[in-house]
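Commentary on secondary and tertiary structure
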Amino acid sequence: MVGIVITIIMAIVIGAIGSAIAPGGMPGGILGSMIAGFVGAWLGSWLLGAWGPVIGGFAVVPAIIGAALFVFLLTLLSRTMNSRSY
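Computed from a prediction, not measured in an experiment: that's the story for all the values here. (Residues numbered from 1 in each chain as written. Predicted model: local features only at pLDDT ≥ 70, side-chain atom pairs only at ≥ 80, totals over all residues. Heavy atoms only, no water.)

Taken together, the side chains of Trp42, Trp46, Leu47, Leu48, Trp51, Val61, Ile65, Leu69, Phe72, Leu73 and Leu76 make up a nonpolar region of the molecular surface, amounting to roughly 1100 Å² of accessible area. Of all the elements in the fold, those that place two or more residues in the nonpolar patch are α2 (29-48) and α3 (60-83). Among the elements that line the nonpolar patch, the one with the most residues is α3, at 6 residues. Positionally, Trp42 belongs in helix α2. For Trp42, a relative accessible area of 56% gives the class exposed. (Patch = residues over 30% accessible without salt bridge, like charges linked within 9 Å, V, L, I, M, F, W, Y side chains within 5 Å. Areas by Shrake-Rupley, 256 points an atom, 1.4 Å probe, with all protein chains shown as cover. Salt bridge = Lys/Arg side-chain N within 4 Å of Asp/Glu carboxyl O. Helix = DSSP H or I, 4+ residues; strand = E, 2+ residues; numbered from the N terminus. Buried < 20%, exposed > 50% of the residue type's maximum accessible area, 1.4 Å probe, protein only.)

Relative to the elements of secondary structure, Leu47 occurs in helix α2. By relative accessible area, which is 46% here, Leu47 ends up partly exposed. C-alpha separation for the pair Leu47 and Ile14, spaced 33 residues apart in sequence, amounts to 16 Å.

With 24 residues, α3 ought to run about 34 Å at 1.5 Å a step, and its terminal C-alpha atoms sit 34 Å apart, in line with that. Every buried residue of α3 is listed here: Val60, Pro62, Ala63, Ile64, Gly66, Ala67, Ala68, Phe70, Val71 and Thr75. Its buried side turned inward, α3 meets α1 (2-21), α2, β1 (54-55) and β2 (58-59). (Expected span 1.5 Å × (residues − 1). Contact = heavy atoms within 4.5 Å.)

We now examine α1. If you check α1, its first and last C-alpha atoms are 29 Å apart, about what 20 residues at 1.5 Å a residue would give, namely 28 Å. All of the buried residues along α1 are Met10, Ala11, Ile14, Gly15, Gly18 and Ser19. Seen end-on, α1 carries its buried residues on one side only, within an arc spanning 165 degrees. The exposed set on the far side of α1, more than 90 degrees from its buried face, consists of Val2 and Ala20. On its buried face, α1 sits against α2, β1, β2 and α3. (Arc of directions from axis to C-beta.)

Written out as structure tokens, the structure is:
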């Protein structure tokens, strides 16, 4: 039970840091940050491997980089979808 709580807290923190680094920011508040943290951890470990300190099952440095990349790509996609004229 404690492990799940630590994992969720780390996902929120990683997502918030990634959102602060990337331009545009992640919508959705805490839930959006948690999603960005989980996706960022997956994306970061897939692209960069699992190096650096590991807390709550997350390799922190690749997860933060992955979360920032995810937020940036999501912002870019959102701007592209909003700028289309129908």
